[in-house]
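Coordinate inspection notes
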Amino acid sequence: MPSKLTIVVVEEDRDRAIAIVDALRDHGDDGVHVIGDTSGLARKIAALQPDIVLIDIDHPTRDVMEELTLASGPLERPIAMFVSGAGSGLAKAAIEAGVSAYVVDGLQPDRLKPVMDAAIARFQIMRQMRIELDETRRALEDRKVIDRAKGLLMKAKQVDEQAAYAILRKAAMDQGKRVADVAQSLVTAAGLLR
Amino acid sequence: MKTTSISVAYMPLVDAAPLIVGQEMGFAEAEGLDLELIPAPSWSSVRDMLAFGRVDVAHLLSVVPVAMALGLGGVTNAMSAVSVLSVNGNVIGVSRGLEAKLRALGHPFDFADARAAGTALAKVAQGGLTIGVPFPFSMHVELLHVWRASTPLATVPLEIRTVPPPMMAQALASGEIDAFCVGEPWGSVSVENGDGALLLPGRAIWSFAPEKVLATRADWAETEPHLVGRLMRTVWRAGRWLADPSSRTAAAELLSRPRWLDVPAEVVDRALTGELAISQGGEIRDVPGFLEFHQGAANFPWRSQGKWIASRLAHRMGLDPQEAARAASGVFRSDLYRSALEGTGADMPGASEKLEGALRHPTAVASERGEMILERNVFFDGRIFDPSA
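The structure contained in this document is the topic of the report that follows. Model, not experiment: these values are computed from the prediction.

Here the focus is the overall build of chain A. In terms of helices and strands, chain A carries seven helices and five strands. Counting helices and strands in the order they occur from the N terminus, chain A gives β-α-β-α-β-α-β-α-β-α-α-α. The 194 residues of chain A split such that 40% are buried. Looking at chain A as shown, the accessible area adds up to about 10,900 Å², and 54% of this sits on carbon and sulfur atoms.

Printed below as a string of structure tokens:
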């Protein structure tokens with residue numbers, strides 16, 4: 001039975017962190033730690049002496065992790081990016097799922113694989129959810145701005161809601177733009193003229 | 001011409017302008033290209049997207065492809081720098097606390113004299129200095145080391161710490177760092193927020209420092225020479241447009257859009273015109289050539305630039321200098337640049353290497369069209385780098 005791994009997950013969002021921890025625990029009883037506050041990241045990671053650090057690829061503090069891979073002394077240098085050692089197929093899969101992993105020099109690739117598989121699966125789900133959330137939010141924003149533009153048109157042209165929307169839609173078609181973009185221009189222009 | 005779509009990773013910075021303008025102003029379209037510009041949250045992310053094939057081209061720190069060739073950092077796939085996208089454009093800034101001490105000392109904040117600024121800063125920071133930079137492999141780090149080596153700062157314990165640019169102002173405000181070296185608009189943003197004052201532009205240390213490059217995977221550059229060529233011409237034309245003073249208002253408006261940098265046009269304008277507000281009091285300093293996209297054959301990827309970077313990295317990381325120079329010699333692709341830009345009217349020097357730091361004044365040199373003018377190229381301490389030494 002190999003000794004337990006110490007895994008650090010850098011993730012600010014508490015719910016997401018819990019989901020990742022659960023996914024990693026399902027595969028084995030490794031020690032999983034979450035760093036939620038990324039100030040002083042290097043110090044916190046050094047204190048935990050992890051075997052693997054997992055970080056969201058879209059997080060800007062990833063560049064701080066890169067710095068850690070360059071520390072000179074063996075004790076100061078806890079991590080090297082795994083892709084330099086393990087197969088690049090794993091690296092590509094990880095990048096597409098939105099996870100980046102840093103491992104201690106000397107960790108066996110066969111021990112890394114199951115951890116990475118669990119992390120990749122979890123990050124893929126999270127990435128998908130985030131994309132959907134963004135799309136929903138954008139649709140909601142569009143809705144709001146279209147409603148405001150309709151309101152402006154109804155008032156200015158003394159027409160009903162349906163006619164106002166028809167005007168927007170025609171302008172959008174004529175200009176080859178999205179209805180929401182035309183609405184945004186109208187709202188912006190109205191703001192300037194006020 | 002059939003339009004080909006190319007994915008390009010970039011960091012949202014003012015010096016990504018040649019790619020953004022290339023797409024928005026139709027220079028890409030004229031070459032039959034459609035640039036799918038993908039913003040990245042970090043430089044490691046840009047590098048990985050390029051190295052693992054998520055994108056074919058990237059706006060990249062000039063030092064990164066050389067570091068990769070030397071086997072430094074986690075990812076070491078072979079990269080080519082096919083054009084320089086921008087020269088200069090960094091600023092060094094200090095916290096409000098250090099600003100007050102420097103003013104008490106009578107430092108004039110002339111934003112020009114690197115030696116005087118280094119001497120003054122060393123006096124007020126005897127306990128040690130922590131300086132934030134965007135990435136461990138960057139011109140920011142190299143400039144700081146050049147600056148430090150020839151000023152009393154050499155006696156001050158210095159820690160260089162990686163801080164993502166959007167967090168730089170916050171790190172300065174919270175005292176996590178005492179100073180920074182960063183690209184625009186982030187220096188100006190920290191001035192706007194009232195967290196710091198600007199001490200020096202990067203060009204006060206090296207007046208012609210290649211800052212960002214157009215990078216591709218070395219194998220992609222070999223297998224897709226025509227696409228790379230079309231891209232190189234796109235950014236060259238975009239750079240020429242950007243260098244025209246009459247384009248600046250439009251460029252600032254364009255870059256300031258939420259889709260691109262999402263900062264006020266007035267802040268973007270400072271980097272483009274070289275008129276920087278260095279403190280919250282609104283002191284303006286005029287820096288000609290603050291950020292160069294075109295003048296003086298700015299886009300030409302000199303092999304000597306790649307070698308200078310390699311020699312600095314070798315020195316700092318304890319590598320064999322000769323071996324490093326050899327490994328890095330093919331990263332800056334002046335050969336591809338020559339063949340791609342032929343016939344565009346681009347300035348093309350006769351040589352592909354030069355002494356870095358040896359031009360005290362703008363100088364006419366031999367070129368294919370007769371004569372071309374190279375801009376002033378000096379280090380503040382007068383050092384000269386000979387690439388063949």
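We now examine the interface of chain A and chain B. Between chain A and chain B, the contact holds 20 residues from the first and 22 residues from the second. Both sides of the chain A and chain B interface together cover about 1,700 Å² of buried area, and 64% of this is carbon and sulfur. Summed over the shared surface of chain A and chain B, the number is two salt bridges. We note a salt bridge from Arg62 of chain A to Asp48 of chain B, for which the minimum N-O separation is 2.6 Å. Between the two partners, chain A and chain B, sit five residue pairs in polar contact (both at pLDDT 80 or more). Counting residues per element, the ones that place at least two in the side of chain A that touches chain B are helix H3 (62–68) and helix H4 (88–97) of chain A. Of all the elements, H3 of chain A adds the most residues to the side of chain A that touches chain B, at five residues.

Residues and elements named next belong to chain B. Following the criterion strictly, the structure yields seven aromatic pairs over all chains and no others. Measuring from ring centre to ring centre gives 5.3 Å for Phe300 and Tyr337, while their planes differ by 85°; the resulting arrangement is edge-to-face. In this pair, Phe300 is assigned in the loop between strand E13 (291–292) and helix H14 (303–317) and Tyr337 in helix H16 (residues 334–341), connecting sequence segments 37 residues apart. Phe300 gets classed as buried once you look at its relative accessible area, which sits at 0%. Ring centres of Trp308 and Phe379 lie 5.7 Å apart, and the angle between their planes is 25°; this geometry places the pair in the stacked category. Here Trp308, found in helix H14, pairs with Phe379, found in the segment after strand E15 (370–374); they are 71 residues apart in sequence, far enough to count as distant. Take Trp308 and Phe379: they sit in the same class, and that class is buried.

Here we take up the environment of Gln305 of chain B. All names here are of chain B. Inspection of the secondary structure assignment puts Gln305 in helix H14. Residue Gln305 is classed as buried on the basis of its relative accessible area, which comes to 0%. Sequence separation between Gln305 and Ala116 is 189 residues, and the spatial gap between their C-alpha atoms is 27 Å. Apart from residues lying up to four places away in sequence, Gln305 is in contact with Val84, Pro210, Phe300, Phe332, Lys354 and Glu356.

Reading the values: the criteria
Residues numbered from 1 in each chain as written. Chains lettered and ligands numbered in written order. Predicted model: local features only at pLDDT ≥ 70, side-chain atom pairs only at ≥ 80, totals over all residues. Heavy atoms only, no water. Helix = DSSP H or I, 4+ residues; strand = E, 2+ residues; numbered from the N terminus. Buried < 20%, exposed > 50% of the residue type's maximum accessible area, 1.4 Å probe, protein only. Areas by Shrake-Rupley, 256 points an atom, 1.4 Å probe, with all protein chains shown as cover. Contact = heavy atoms within 4.5 Å. Buried area = accessible area lost by both parts, 1.4 Å probe. Salt bridge = Lys/Arg side-chain N within 4 Å of Asp/Glu carboxyl O. Polar contact = N/O pair within 3.5 Å; in protein donor to acceptor, adjacent residues only side chain to side chain. Phe/Tyr/Trp six-rings, centres within 6.5 Å; stacked < 30°, edge-to-face > 60°.

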